[in-house]
Amino acid sequence: ISAINKLSAYGAEGEFKIGANFFRLFNNSYISPEIGIGYGIFALNAFTLNYPSEFALDESYPAHLFHLPYVSLQVRYTKAFTHNARYSFSLGGRYTLKDTHTTTLQIGPHNASSLLHLPPVMGTGSAGLYYSLGKRSELSLQVDGTFAQERLSAGGSLRYAIWF
């Protein structure tokens, strides 16, 4: 099997959250319940699988664009352990509002389509370390994960933030 085009995919996501901070539950810590609404886009560029055989037909997959609106709910626990440093953990869930998508492919001269089902409910979790570099900047290290039945996704980030 050889691919005529490289498999190329990308995604983008944005989310708006609102919540509240409940202080004085424990020493130097707070709990934040949050509710959010988000929108993700996942794009898969067209590609073809070429079979060097007279008995197998080439498979062509056209470009697909998946729209993924969702709502989320999570609870975050944050604790300061020095004047400038704190850590945070969160657990939550995510409900995908559009969890069924149509995909198509072509095998030789034949076309077909199929439904792609995404998990409607996913769990989320995160952990982070934050260090304030002054009144208007912060350095953070974050690990995030999403999990559902037979699916697991994780990512990490190192961020430098400045507030104006």
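All of the points below concern the structure found in this document. Quick caveat: nothing in here was measured; it's all calculated off a predicted structure. (Residues numbered from 1 in each chain as written. Predicted model: local features only at pLDDT ≥ 70, side-chain atom pairs only at ≥ 80, totals over all residues. Heavy atoms only, no water.)

Along its length, the chain carries zero helices and 13 strands. Each helix and strand of the chain, ordered N terminal to C terminal, gives the series β-β-β-β-β-β-β-β-β-β-β-β-β. Its C-alpha atoms give the chain a radius of gyration of 22 Å, clearly above 15 Å, the size a compact globule of 164 residues would have. C-alpha atoms of the chain, sized along the principal axes, occupy 70 × 30 × 30 Å. Looking at the chain residue by residue over its 164 residues, the buried ones come to 26%. As displayed, the chain offers around 11,400 Å² of accessible surface, 62% of which is attributable to carbon and sulfur atoms. Charged side chains in the chain number 12 positive and 10 negative. The centres of these two groups are separated by 20 Å. (Helix = DSSP H or I, 4+ residues; strand = E, 2+ residues; numbered from the N terminus. Rg over C-alpha atoms; globule rule 2.2 N^0.38 Å. Buried < 20%, exposed > 50% of the residue type's maximum accessible area, 1.4 Å probe, protein only. Areas by Shrake-Rupley, 256 points an atom, 1.4 Å probe, with all protein chains shown as cover. Lys, Arg positive; Asp, Glu negative; His and termini not counted. Charge placed at Lys NZ, Arg CZ, Asp CG, Glu CD.)

Overall, the coordinates contain four salt bridges when judged by the stated rule. Here Lys17 makes a salt bridge to Glu34, at a shortest N to O gap of 3.8 Å. Placement of the pair is Lys17 in strand β2 (residues 9-19) and Glu34 in strand β4 (residues 29-44), with a sequence separation of 17 residues. With a relative accessible area of 17%, Glu34 lands in the buried category. Three or more residues are tied together by salt bridges with common partners; here these are Lys17, Glu34 and Arg76. (Salt bridge = Lys/Arg side-chain N within 4 Å of Asp/Glu carboxyl O.)

Before going further, it helps to spend a moment on a nonpolar patch on the surface. A cluster of nonpolar side chains, Phe81, Leu129, Tyr131, Leu133, Leu139, Leu141, Leu158, Tyr160, Ile162 and Phe164, forms an exposed patch at the surface whose accessible area comes to about 1,100 Å². Counting only elements with at least two residues in the nonpolar patch, the list comes to β11 (121-132), β12 (137-148) and β13 (151-162). Looking at which element gives the most residues to the nonpolar patch, the answer is β13, with three residues. Checked against the element boundaries, Leu139 lands in strand β12. With a relative accessible area of 37%, Leu139 lands in the partly exposed category. (Patch = residues over 30% accessible without salt bridge, like charges linked within 9 Å, V, L, I, M, F, W, Y side chains within 5 Å.)

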